[in-house]
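# Chain and residue survey
If you want the building blocks of each chain, they are given just below.
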Amino acid sequence: MDSSSSAGPSTPRWNVERPFLTGRFHQEAKASYRTSDSKGFSMDSFSSSNENPIGCYHASVQELIVIDDILSALIGIEGRYISIRRLHGKEDEIAFQVDASMDLALQEFAKQIFPLCESFLLINQFVEARSQSKMGLVNHAFAAALRALLLDYQAMVAQLEHQFRLGRLSLQGLWFYCQPMMGSMQALASVTQKATSNTFSSVDVLNLLQSQAKAMAGDPVVRSLLEKMTQCASSAYLGILERWVYEGVIDDPYGEFFIAENKSLQKESLTQDYDAKYWKQRYSLKDGIPSFLVDVAGTILTTGKYLNVMRECGHNVQVQVTESSKLQKFGSNHHYLECIKAAYDFASGELLSLIKEKYDLMGKLRSMKHYLLLDQGDFLVHFMDIARDELMKKFDDVSVEKLQSLLDLALRSTAAAADPCHEDLTCCVERSSLLKRLSMLKDLEISRNISENNNNVEEPVSITSLETFSLSYKVQWPLSLVISRKALTKYQLIFRFLFHCKHVNRQLCGAWQVHQGVRAANMRGTPIARSSLLCRSMLKFVNSLLHYLTFEVLEPNWHVMRNRLDSAKSIDEVIQYHDLFLDKCLRECLLLLPELLKKVEKLKLICLQYAAATQWLIASSIDVAKPVATSDEDLTLGNSLQSLALTGGNARVTDSILNFEKEFNTELQSLGPILSSRSQAEPYLTHLAQWILGAGNGQ
């Protein structure tokens, strides 16, 4: 099938091949009869071979003959002494010729009228070609307007012929009556000729008409005619535009509208695909945009998108259309721009109200802040207690179903049970470390930094579910426009970092409690005293990091985002502010700074290794003797402590503590130059340096 048939039914081939069914049959038929050698049937009206040269007649008779021929030429029919010639290979190049024996004065008069005849032929040919069904609504409307104009033109020719039959029309009179329409017909012929030679599409025709009208500023009559033609040609296009901005429907059978719909992109991809293109590419702008709509093309696209979102929600709504708001024409008063702006304001307000009120966007975001940003951590403490054994397993051995049941138990038994959104919370276990996961997200800056530095991220040899555990959240349409798969992934990255910091903090707290258990003994000068100081430094580091993440990054940025969302005027602004919040949090939480993140991860690893070795260090440093049974209840505390035999000379324990201390301090102090160099470009790092480096100075 021909590719052009997809736009609409095509004109049958016989309508082009049979000349008597087209507007060019007069000259073509005459030419065919002239070249025919047949002796059969002939028509005098189509053959001038037997005509005498016009020069053999008197000048007054010549004038009458010329007037008769010109009246025929005005509607594209050859006369006895005026013929039509088409240049070889150029369908739009037409020339009128006169008999060389004609009186010179009459020839000059005839040549002055020929441009009008040529204009008629070009316009008529354009009307016939662009009236075909496959040409589209704009070409149909333009051709219909030209056809109506040609009817008036032909009526004028008929009136002139009537005057000629009554003997009241001279050649000078004919020229006088033809002059007023000469400029208008030539301007229209110029438009049709350019449109044909350049094979302009519907939108190109509209732009051509408008540009030609502006170019005719010095001729108000021609300019008025071209503006009228532009209005007529654009009426069908404005009808498509009206349905889009008032109903959100693309009624475009010929593909002329500048908005394209990609039906292969479904809204479900927003919750499944990290790189979902639904919102940006389900409806998109095409190249051909009318010049009078270029400045508002984005507004028009957005208006229809908003209406479609509400339709997808089952909330059928359309802009109230009145006589004054119909997009039937455009003009210098720019009323159509006001109508488009009003439609946009209506659609934007309705969708924003629907998402904020009916679907409780802010409630969902607050709930995600409670759980994924650990704003409300009581459930997390309980969950980490009851799921400790399961989380200590490798991610291949962990049971996600068991973790989910433990999470549900923790949610139901804490203050989170009062949150109506807590049932949307689910758990998941990733299969890669945090740094590896960040490097795989190509749209994030950290992945580009790693690739530029050829810094491949290696997975730890033994990675447990504590490093890969994450929470997820069930998001339904239309909230998935804001909380998309990409946005949820960013929430999860922040959660994993916070969750692991919490885990390190819990492990160090356990080590601190072990130290407190032997506090009553006199540990001064022993490895335990040094270990206690190291444990306190590590706790201060982790607590400072958590304080920075929560109170210096997440909370301030959350309040800024909430204030912006309250003042947002459209769903696009909501998406923009929410994405800005997540990107800012990711960056300020060090997740987009691989050099700093690796340092922090190394420090956390040292803390975990130290916390795991604490029990062995304490047991190796102190021999706890069994209490001696006695009936003397007045035994003093000093006597009871004598039952502890100190073994502070254990060199191996001392070396281990010194190694932990040296490694921790070295990594902590190496953060200083990095933070100082980056703080000029990233001012928030100054706060981080004040909190974290203070941990090293406070030993």
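Described below are features of the structure shown in this document.

### Re the overall build of the protein
Broken down by element type, the protein carries 25 helices and 8 strands. Considering the protein as a whole, with its 699 residues, one finds that 46% of them fall into the buried category. By sequence separation, contacts in the protein at least 24 residues apart represent 74% of the contacts at least 6 residues apart. Here the protein displays about 34700 Å² of accessible surface, and carbon together with sulfur accounts for 51% of that area.

### Comments concerning the environment of Gln107
Mapped onto the fold, Gln107 is located in helix H4 (residues 104-130). Among residues more than four places away in sequence, those in contact with Gln107 are Val98, Asp99, Ala100 and Met102.

### Topic: the pairing of strand E6 (residues 469-473)
The buried fraction of E6 amounts to 5 of the 5 residues, a majority that puts the element mostly inside the structure. Both faces of E6 are covered, namely the face carrying Phe469, Leu471 and Tyr473 and the face carrying Ser470 and Ser472. The sheet contact formed by strand E5 (residues 425-429) and E6 spans 5 bridges and is antiparallel. Looking across to E6, one finds that Leu425 is bridged to Tyr473.

### As for the pattern of salt bridges
Within this structure, the stated rule accounts for 23 salt bridges. The residue Glu247 makes a salt bridge to Arg243 at a minimum N-O spacing of 3.0 Å. One end of the pair is Glu247 and the other is Arg243, both in helix H8 (residues 220-247) and 4 residues apart, which spans about a single turn. Using a relative accessible area of 30% as the deciding quantity, one classes Arg243 as partly exposed. Between Glu312 and Lys267 there is a salt bridge, with its nearest N and O atoms 3.2 Å apart.

### Observations regarding the nonpolar core
Ranked by size, the top nonpolar core spans 120 residues in total, and within it Phe383, Leu471 and Leu591 carry the most contacts. Of all the elements, helix H20 (residues 527-567) adds the most residues to this core, at 15 residues. Beyond its immediate sequence surroundings of up to four residues, Leu471 is in contact with Tyr371, Leu372, Phe379, Leu407, Leu425, Thr426, Cys427, Cys428, Gln492 and Phe495.

### A word on helix H12 (residues 361-372)
Every α-helix winds through 3.6 residues per turn, so residues three or four apart in the chain are directed the same way. The terminal C-alpha atoms of H12, which comprises 12 residues, lie 16 Å apart, in line with the 16 Å expected from a rise of 1.5 Å per residue. Taking burial as the measure, the 12 residues of H12 include 10 buried ones, the bulk of the element. Every buried residue of H12 is listed here: Leu361, Met362, Gly363, Lys364, Leu365, Ser367, Met368, Lys369, Tyr371 and Leu372. Once H12 finishes, Leu374 follows within two positions and takes phi at roughly 55°, a positive value.

### Focus: the packing of H12 against helix H19 (residues 485-517)
It is at 10 Å that the axes of H12 and H19 come closest, and there the two elements cross at 30°. Classified by the angle their axes make, H12 and H19 are roughly parallel. Between H12 and H19, the contacting residues are Leu365, Met368, Tyr371 and Leu372 on the first element and Leu488, Tyr491 and Phe495 on the second. A per-class count over the contact of H12 with H19 returns 7 nonpolar, no polar and no charged.

### Description of the packing of aromatic side chains
Enumeration according to the criterion identifies 19 aromatic pairs in this entry. Centroid distance Phe126 to Phe142: 5.5 Å. Interplanar angle 65°. Geometry classified as edge-to-face. Pair noted here: Phe126 is in helix H4 and Phe142 is in helix H5 (residues 137-165), with a separation of 16 residues, a long-range link. Using a relative accessible area of 2% as the deciding quantity, one classes Phe126 as buried. Centre to centre, the rings of Phe495 and Phe499 are 5.5 Å apart; their planes meet at 25°, and the pair counts as stacked. Remark: Phe499 and Phe495 occur in helix H19; sequence separation between them is 4 residues, near one turn of the helix. With respect to burial, Phe495 and Phe499 carry one shared label: buried. By way of ring pairs, the aromatic residues Phe383, Phe469, Phe495 and Phe499 are connected into one cluster. Looking at Lys267, its charged tip hangs above the ring of Trp477, at a distance of 5.9 Å from the centre. The ring of Trp279 carries the charged tip of Lys305 above its face, separated from the ring centre by 4.2 Å.

The rules behind the values
- Residues numbered from 1 in each chain as written.
- Predicted model: local features only at pLDDT ≥ 70, side-chain atom pairs only at ≥ 80, totals over all residues.
- Heavy atoms only, no water.
- Helix = DSSP H or I, 4+ residues; strand = E, 2+ residues; numbered from the N terminus.
- Buried < 20%, exposed > 50% of the residue type's maximum accessible area, 1.4 Å probe, protein only.
- Contact = heavy atoms within 4.5 Å.
- Areas by Shrake-Rupley, 256 points an atom, 1.4 Å probe, with all protein chains shown as cover.
- Pairing = 2+ DSSP bridges.
- Salt bridge = Lys/Arg side-chain N within 4 Å of Asp/Glu carboxyl O.
- Core = buried A, V, L, I, M, F, W, Y, C linked by side-chain atoms within 4.5 Å.
- Expected span 1.5 Å × (residues − 1).
- Axes fitted to C-alpha atoms, helices over the stretch in contact; angles between N-to-C directions.
- Parallel < 35°, antiparallel > 145°, perpendicular 65-115°, else oblique.
- Nonpolar A, V, L, I, M, F, W, Y, C, P; charged D, E, K, R; others polar.
- Phe/Tyr/Trp six-rings, centres within 6.5 Å; stacked < 30°, edge-to-face > 60°.
- Lys NZ or Arg CZ within 6 Å of the ring centre and 35° of its normal.

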